[in-house]
Amino acid sequence: MSDQKKGKKGDILLEMKDIVIDGYSDDRWHEIVKGVDITLRRGEVMGLIGESGAGKSTLGLAAMGFARPGCRLTSGSIMFDGIDLMKASAEERRALRGSRIAYVAQSAAASFNPAHQLIEQTVESTVRKGIKPEEEAKSDARKLYRDLQLPNPDHIGDRYPHQVSGGQLQRVMTAMAMSPRPDLIIFDEPTTALDVTTQVEVLASMRRIVEQYNTAAIYITHDLAVVAQMADVIKVLRYGETIEDADTRSMLSDPKKEYTKSLWSVRSIEKPEDKSEDVILKVDHVDASYTGSAKVLDDVTIEVPRGDTVAIVGESGSGKSTTARAITGLLPPSKGQVLFNGKPLPPTLKERSVDQLQKIQMIYQMADTAMNPRHTVRDIIGRPLEFYLGLRGRERDQRLLELVEMIELNEDFIDRLPAELSGGQKQRICIARALAADPELIICDEVTSALDQIVQKGILELLLRLQKELGLTYIFITHDIATVKAISDQIVVMLEGRVVEQGMKSEILAPPYPDYTKLLLSSVPEMDPDWLTGLLAERAREGSATA
Amino acid sequence: MHPVIRTILQRLGLGLVTLFVVSLILFSSIEFLPGDFGEAVLGQAALPETVEAFRKELGLHLPMHERYFDWLGGILTGDMGNSFSGRGSSGGQDRSRPVIELLAPRLANTLFLASMAAIISVPLALFLGITAALYRNTIYDRTVNALTLTTISFPEFFVAYLLILGLSSFTKIFPSLANIDPDAVFWERVYLTALPALTLTLVIVAHMMRMTRAAIINLMASPYIEMADLKGASKSEIILRHALPNAWAPIVTVIAFNLAYLVVGVVVVEVVFVYPGVGQLMVDAVTTRDVPVVQGCAMIFAATYILLNLFADIISIITNPRLLHPR
Amino acid sequence: MNNDDDMTPGKPADLADQGYSAAGEVVLIKARRTFLENILRGLKSAPPTALFGLTVITIYIFFALFAPLLAPHGEAEIFDLSYAPWGEEFMFGTDQLGRDILSRLIYGARNTVGIAFVTTLFAFVIGGGLGITAAINNNGWLDNLLSRSVDVLMAIPSLIFALILLSMFGANTLNLIIIIAILDSTRVFRIARAVSLNVVVMDYVEAAKLRGEKLFWILYREILPNIMPPLVAEFGLRFCFVFLTIAALSFLGVGIQPPTADWGSMVRETAGLIQFAEYDLTAAMTPMLPAAAIALLTVAVNFVVDWFLHKSSGLKD
């Protein structure tokens with residue numbers, strides 16, 4: 001690649017002005033992006049941050065002159081290095097894609113064609129567009145694999161997508177984007193589907209390669225801490241409008257808008273640690289496995305003190321959700337037992353009495369699927385009132401109203417269907433349904449992870465208030481350390497079906513750490529642009545010290 | 001063992017088991033005949049000895065499992081027993097013919113008709129289905145869609161009579177009866193078979209086109225197709241390089257499904273055009289309750305159907321990269 | 001048509017200024033309407049094909065219900081004029097035995113459509129009930145037993161299977177209904193099981209189990225309301241299939257038996273007239289009338305189902 005063509009660092013590469021994009025839903029067009037400007041210079045990384053519905057992905061694709069089916073670029077101008085993408089023909093835009101502008105998608109597993117080898121897909125546009133001959137492109141791809149620290153870089157390209165792990169696929173996709181040495185790469189939530197410990201490695205290799213080849217990039221995410229590691233400048237979007245523009249450091253140290261601050265609002269909750277001696281639930285040396293597969297729980301012992309919150313933390317496959325299934329009786333333990341108020345609970349759901357079922361309630365991650373879409377709020381909250389407490393008629397409606405007010409909603413919501421509620425409101429109704437049973441213990445399975453930050457904060461505060469008022473005990477299953485810090489008294493760290501560590505929050509979150517806890521805690525991105533650099537340096541130091 | 005081979009063997013085994021169960025069902029159909037069927041077949045005037053001899057010939061005095069294996073062995077060696085018809089003829093003389101003799105020439109005719117329909121309809125349906133999917137929601141797509149929806153709603157005999165009215169009664173282009181005789185030359189056969197083949201084609205094309213369209217639309221919605229678009233691949237590259245290698249399985253499934261449907265479709269069409277094929281033979285045998293002939297015809301239809309589906313399964317297996325390149 | 005009333009946005013809580021409140025979270029609420037309003041709105045936005053289909057179906061139902069009042073003659077009434085030409089006394093002539101074609105066409109709406117409808121209903125009760133049960137018992141012995149049996153039954157083309165069974169048990173209307181209902185219930189079983197499986201894995205079903213609800217409550221309150229839309233569409237498609245299968249069998253002479261007036265058999269009985277098209281066009285049309293009656297209803301149902309599927313899948317481009 002000649003430097004003349006690339007232009008100078010600092011020249012304007014992409015200029016988007018007053019972009020309006022419409023999306024089609026419910027039989028009409030809505031504005032998804034309402035007049036946003038973007039100016040990106042060569043070699044610069046811009047973070048586009050916003051919550052669901054902010055229009056950030058749509059805007060990212062528009063930078064390639066592309067609109068998904070069901071969307072249309074309505075007005076505005078997109079100048080890419082002197083080319084007007086709004087006026088360019090479909091063929092001209094197509095010529096730019098895969099040569100000068102490349103794209104890295106969120107779901108690598110679905111975005112690779114299952115029928116072709118990885119290296120074929122990596123070099124496809126480079127070769128087809130005549131940028132490099134095939135052999136040269138392939139040896140360059142192997143070099144990129146090496147730069148991205150993929151294992152076995154000389155041969156990993158001969159594999160098929162389903163033969164490679166998610167984190168590796170995401171790096172192969174970065175290599176694919178980099179192969180034609182584009183001027184601009186759009187990263188669309190590239191690490192959202194990954195576990196935190198994997199995310200760190202992928203982030204580090206992506207950042208290194210973008211710096212190495214001095215490529216401009218737009219990095220789209222909902223996670224401010226992640227984008228802070230990658231971007232030079234950050235643009236905050238909400239409902240298709242720009243909220244705030246700033247360079248990364250000043251954005252983090254001195255956000256101008258309330259909304260920007262709310263993006264890390266969960267981190268502002270602080271729960272004073274409480275230590276109760278009265279054990280309400282004990283998971284006692286429990287093993288469990290799904291039929292025909294290996295153990296998913298291996299000698300798990302967890303004590304839950306009354307009136308406190310125990311957070312169970314771990315990555316996917318750690319057995320944290322399986323633990324909840326063993327407690328509720330959905331998956332009977334193959335060994336060990338669960339004690340509730342000192343008495344053993346029957347292992348299966350069928351053997352448990354209505355009274356035992358009533359005392360332990362569950363709240364799910366996806367409120368959408370946790371409520372029957374054909375039932376109104378009245379049916380949803382009313383059913384446990386009838387079923388457990390035998391309330392009928394006016395008595396039931398009275399209690400229903402109390403519960404709805406307890407979760408900070410009002411009577412307007414009682415006759416709505418789930419589809420007529422926002423994400424946060426749905427989760428509140430699920431909380432009310434659990435409360436309606438008048439339980440002692442509530443198991444919260446990732447209850448906030450599908451929600452936007454500001455809504456998460458509201459839900460967590462509600463749960464804390466209810467705990468204080470009603471003396472509830474929570475088991476809080478999550479992969480998100482910020483949530484753990486916000487709500488827990490005790491923490492249980494799980495890995496591959498085993499408990500790695502259990503103790504008070506202050507003990508677990510302070511050194512000395514067991515290896516895995518340390519890896520897990522240190523991998524959680526912080527609101528500090530130097531965090532990743534510092535972490536990598538530290539890991540390198542330790543690596544060389546142990547070597 | 002390589003997973004592809006293992007899966008194929010599994011499917012073959014499953015196909016055999018299914019054929020076995022089908023043969024059991026067919027065999028047991030003779031058990032359900034009423035007690036006096038011997039007289040019904042041989043006629044009221046039949047002597048008791050004749051009836052007894054007939055029952056003996058069918059082996060009704062032997063235990064059931066013995067008869068079953070005898071029957072199955074017969075079918076495998078091409079002996080399907082003798083037809084019931086012709087037995088009651090006067091003089092007690094047995095003029096019934098072996099089922100295989102009745103079947104063989106008619107099977108050739110049916111295969112000829114089905115192949116003719118398949119040769120026209122498969123390429124046509126694939127072309128229409130793929131183009132409708134690629135030009136989705138255009139006038140072209142909507143028209144083809146409404147037309148095929150109408151066609152699949154028509155009973156086969158309605159389509160057949162419409163064609164007879166249009167192409168035979170008024171215009172005299174084709175004959176309305178397809179009673180081909182055994183020594184007709186090839187082109188004469190084609191000419192005589194034109195209307196039945198055209199009827200089948202119309203029905204099959206509609207089904208196949210709609211299924212192809214759905215399969216292709218489903219495929220084109222895959223994230224990797226969008227990725228190819230975002231990589232700047234041209235429309236032909238997207239289709240040839242990215243969609244096609246993954247399209248074999250769904251397309252072959254659609255073709256096999258519709259060829260199997262063709263097997264059933266011939267029955268009605270043969271009756272309409274008085275075409276001397278297996279379908280008509282079977283319908284006649286059902287009306288006269290000539291069980292050995294029904295068994296023979298049904299076995300042929302069922303085996304074809306099962307084999308076609310098996311073939312589609314195997315194609316899907318050998319084009320599945322997850323099975324071809326195991327972890 | 002003005003679509004602005006379609007969505008009523010909730011209060012847009014601008015957090016930058018107003019702070020956060022749960023009740024004020026922005027949500028697009030679909031305006032609530034009564035059942036009747038929804039139907040009227042649905043009809044207004046229906047494509048012409050669907051409106052055509054609905055009209056045709058209504059007319060057929062009308063004829064089926066009031067056949068004795070509408071038909072000029074009895075269903076099996078025989079006049080001593082066979083193959084009478086179209087005319088004033090017999091609008092569409094008479095058949096080979098001297099029965100009035102028009103009356104038999106009208107009664108056919110009751111018999112042919114009625115028998116197909118009852119058969120489909122049976123198929124749904126059997127197949128639907130077993131399918132949902134199999135889904136709840138996912139991968140249990142019952143599910144495996146039912147699924148494998150259905151696999152085998154479906155390995156034989158259903159028209160052929162029906163022919164075999166009819167030859168075994170004899171061709172009469174009751175046998176026909178039972179045989180076709182059982183054969184078609186295999187397909188209903190598959191779809192009912194598949195759609196229920198999608199619902200059974202939902203957290204709200206698990207929540208109901210955790211609450212301690214009984215199987216019947218889960219089936220009736222949690223699962224059934226959520227699988228109705230696909231099952232209704234499937235009912236239309238299965239009806240078409242059953243209707244065409246019975247018509248084909250009757251046409252072949254092994255379906256609905258005389259003297260019951262039935263469209264399939266009517267085509268068979270008068271098919272010979274088509275040879276006289278050159279000499280008497282109306283005579284040649286006689287077998288086409290019942291055939292067209294079958295085709296028209298199937299087209300109508302298919303158009304309505306197509307619209308329904310398009311609407312409920314929320315397809316857009």
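As the structure is a computational prediction, the values presented were derived from the model and not from experiment. Along each chain, residues carry numbers from 1 onward, in the same order as the chain's sequence is written. Whichever chain is written first becomes A and whichever ligand is written first becomes 1, with later ones labelled in order. Residues qualify for local features only when their pLDDT is at least 70, as the model is predicted, and side-chain atom pairs are given and counted only at 80 or more; totals for whole chains, interfaces and linings, by contrast, use all residues. Excluded from the side-chain calculations are hydrogens and water; all other atoms, namely the structure's heavy atoms, are used.

Draft legend 1. Quick look at the overall build of chain B. For chain B, the helix and strand inventory stands at 13 helices and zero strands. Over its C-alpha atoms, taken along the principal directions, chain B stretches across nearly 85 × 60 × 35 Å. Relative accessibility under 20% of the residue-type maximum defines a buried residue, over 50% an exposed one, and the middle range a partly exposed one, all with a 1.4 Å probe and only protein chains included. Looking at chain B as a whole, 51% of its 327 residues qualify as buried. Throughout, a residue-residue contact means that at least one pair of heavy atoms, one from each residue, lies within 4.5 Å. Counted over contacts in chain B with a minimum sequence separation of 6, partners at least 24 positions apart contribute 72%. With residues, only the protein chains shown are counted as cover, and all accessible areas are computed by Shrake-Rupley using a 1.4 Å probe. Accessible surface computed for chain B: about 15000 Å², of which carbon and sulfur atoms make up 67%. In summary, the charge assignment counts Lys and Arg as positive and Asp and Glu as negative, without counting His or the chain termini. Just so you know, the charge point we use is NZ for Lys, CZ for Arg, CG for Asp and CD for Glu. Separation between the mean location of the 21 positive side-chain charges and that of the 23 negative ones in chain B comes to 14 Å. Comment: elements are numbered from the N terminus, with helices defined as DSSP H or I runs of at least four residues and strands as E runs of at least two.

Draft legend 2. Local environment of the interface of chain B and chain C. Between chain B and chain C, the residue contacts involve 44 residues of the former and 40 residues of the latter. Ionic pairing is found between C:Asp306 and B:Arg210, a salt bridge with its closest N-O pair at 3.7 Å. Nitrogen and oxygen atoms within 3.5 Å of one another constitute a polar contact, given that in protein one can donate a hydrogen and the other can accept it, and given that sequence-neighbouring residues count only through two side-chain atoms. Taken together, chain B and chain C are joined by two residue pairs in polar contact (both at pLDDT 80 or more). Mapped onto the side of chain B that touches chain C, the elements with two or more residues apiece are helix 1 (3-28), helix 6 (139-153), helix 7 (156-170), helix 10 (235-272), helix 11 (278-288) and helix 12 (291-318) of chain B. Considering each element in turn, the side of chain B that touches chain C owes the most residues, eight residues, to helix 7 of chain B. The term salt bridge refers to a pairing of a side-chain nitrogen on Lys or Arg with a carboxyl oxygen on Asp or Glu at a separation within 4 Å.

Draft legend 3. Focus on the interface of chain B and chain A. Contacts between chain B and chain A engage 22 residues on the former and 27 residues on the latter. Put simply, buried area is how much 1.4 Å-probe accessible surface two parts lose in total, over both of them, once they are put together. For the chain B and chain A pair, buried surface summed over both sides reaches about 2400 Å², with 53% attributable to carbon and sulfur atoms. For chain B, the biggest contributors to the area lost against chain A are B:Leu230, B:Lys231 and B:Arg241; these three give 30% of the whole. Our count for the chain B to chain A interface comes out at six salt bridges. For B:Asp229, the salt bridge is made with A:Arg94, and the minimal N-O distance between the two is 3.2 Å. If you look at where chain B meets chain A, you find 16 residue pairs in polar contact (both at pLDDT 80 or more).

Draft legend 4. Main features of the sheet that holds strand 11 (residues 279-289) of chain A. Residue and element names in this part refer to chain A. Being paired, for any two strands, means DSSP has found at least two bridges between them. Here four strands make up an open sheet; going across it, the order is 12-11-14-15 and the pairing antiparallel. Each having just a single partner strand, strand 12 (295-305) and strand 15 (343-344) make up the two edges of the open sheet. In this analysis, axes come from line fits to C-alpha atoms, helices being fitted only over the stretch in contact, and the angle between any two N-to-C directions falls in the range 0 to 180 degrees. Docked against the sheet, helix 12 (residues 320-328) engages strand 11, strand 12 and strand 14 (335-340), running at close to 70° with respect to strand 12.

Draft legend 5. Structural context of the pattern of salt bridges. Residues and elements named next belong to chain A. Overall, the coordinates contain 58 salt bridges over all chains when judged by the stated rule. Note that Lys56 and Glu189 form a salt bridge whose closest N and O atoms lie 3.7 Å from each other. Highlighted residues: Lys56 in helix 2 (residues 56-62) and Glu189 in the loop between strand 7 (184-188) and helix 8 (196-212), separated in sequence by 133 residues. For Lys56, a relative accessible area of 9% gives the class buried. For Glu189, a relative accessible area of 8% puts it in the buried group.

Draft legend 6. Up close: the side chain of A:Lys426. Structurally, A:Lys426 is set in helix 17 (residues 423-436). When neighbours within four sequence positions are excluded, A:Lys426 is seen to be in contact with A:Ala367, A:Asp368, A:Met371, A:Pro418 and A:Leu421.

Draft legend 7. Spotlight on the packing of aromatic side chains. Stacked, tilted and edge-to-face are the three classes assigned to paired rings of Phe, Tyr and Trp, where Trp is represented by its six-membered ring and a pair needs centres within 6.5 Å; plane angles under 30 degrees give stacked, over 60 edge-to-face, the rest tilted. Evaluation of the coordinates by the stated rule reveals 20 aromatic pairs over all chains. An angle of 80° between the planes, with centres 5.2 Å apart, marks the rings of A:Phe387 and A:Tyr388 as edge-to-face. Given a relative accessible area of 23%, A:Phe387 falls into the partly exposed group. A residue is classified by how much of its surface remains accessible, and A:Tyr388, at 10% relative accessible area, is buried. Ring centres of B:Tyr161 and C:Phe251 lie 6.3 Å apart, and the angle between their planes is 75°; this geometry places the pair in the edge-to-face category. Of this pair, B:Tyr161 sits in helix 7 while C:Phe251 sits in helix 10 (residues 215-252), placing the two residues on different chains. Relative accessible area serves as the criterion here: at 3%, C:Phe251 is assigned to the buried category. The rings of B:Phe20, B:Phe27, B:Tyr68, B:Phe69 and B:Trp71 are connected pair by pair, giving a single aromatic cluster. Lying over the aromatic face of A:Tyr213, A:Arg181 brings its terminal NZ or CZ to 4.3 Å of the ring centre. Any Lys NZ or Arg CZ found within 6 Å of a ring centre and within 35 degrees of that ring's normal is scored as a charge over the ring. Note that B:Arg189 overlies the ring of B:Phe112, its terminal NZ or CZ placed 5.8 Å from the centroid.

Draft legend 8. Quick peek at the domain arrangement of chain A. Residue and element names in this part refer to chain A. Assigned domains of chain A: these are domain 1 (2-264) and domain 2 (278-522). The largest share of the area that domain 1 buries against domain 2 comes from Glu51, Asp195 and Thr197, three residues that together contribute 53% of it. At the junction of domain 1 and domain 2, the tally comes to zero salt bridges. The interface formed by domain 1 and domain 2 contains three residue pairs in polar contact (both at pLDDT 80 or more). Each residue is assigned to one class: nonpolar for Ala, Val, Leu, Ile, Met, Phe, Trp, Tyr, Cys and Pro, charged for Asp, Glu, Lys and Arg, and polar for all the others, Gly among them. Taken together, the residues of the side of domain 1 that touches domain 2 break down into three nonpolar, three polar and two charged. These domain boundaries are the output of an automatic or database domain assignment.

Draft legend 9. A look at the sheet that holds strand 5 (residues 83-84) of chain A. All names here are of chain A. Across the sheet, which stays open at both edges, the four strands sit in the order 2-1-4-5 with antiparallel pairing between neighbours. Each edge of the open sheet is held by one strand with a lone partner, namely strand 2 (28-41) and strand 5. Summarising the sheet, strand 1 (residues 12-25) and strand 4 (residues 71-80) pair through eight bridges and their orientation is antiparallel. Bridging across to strand 4, Val20 finds its partner in Ser75.

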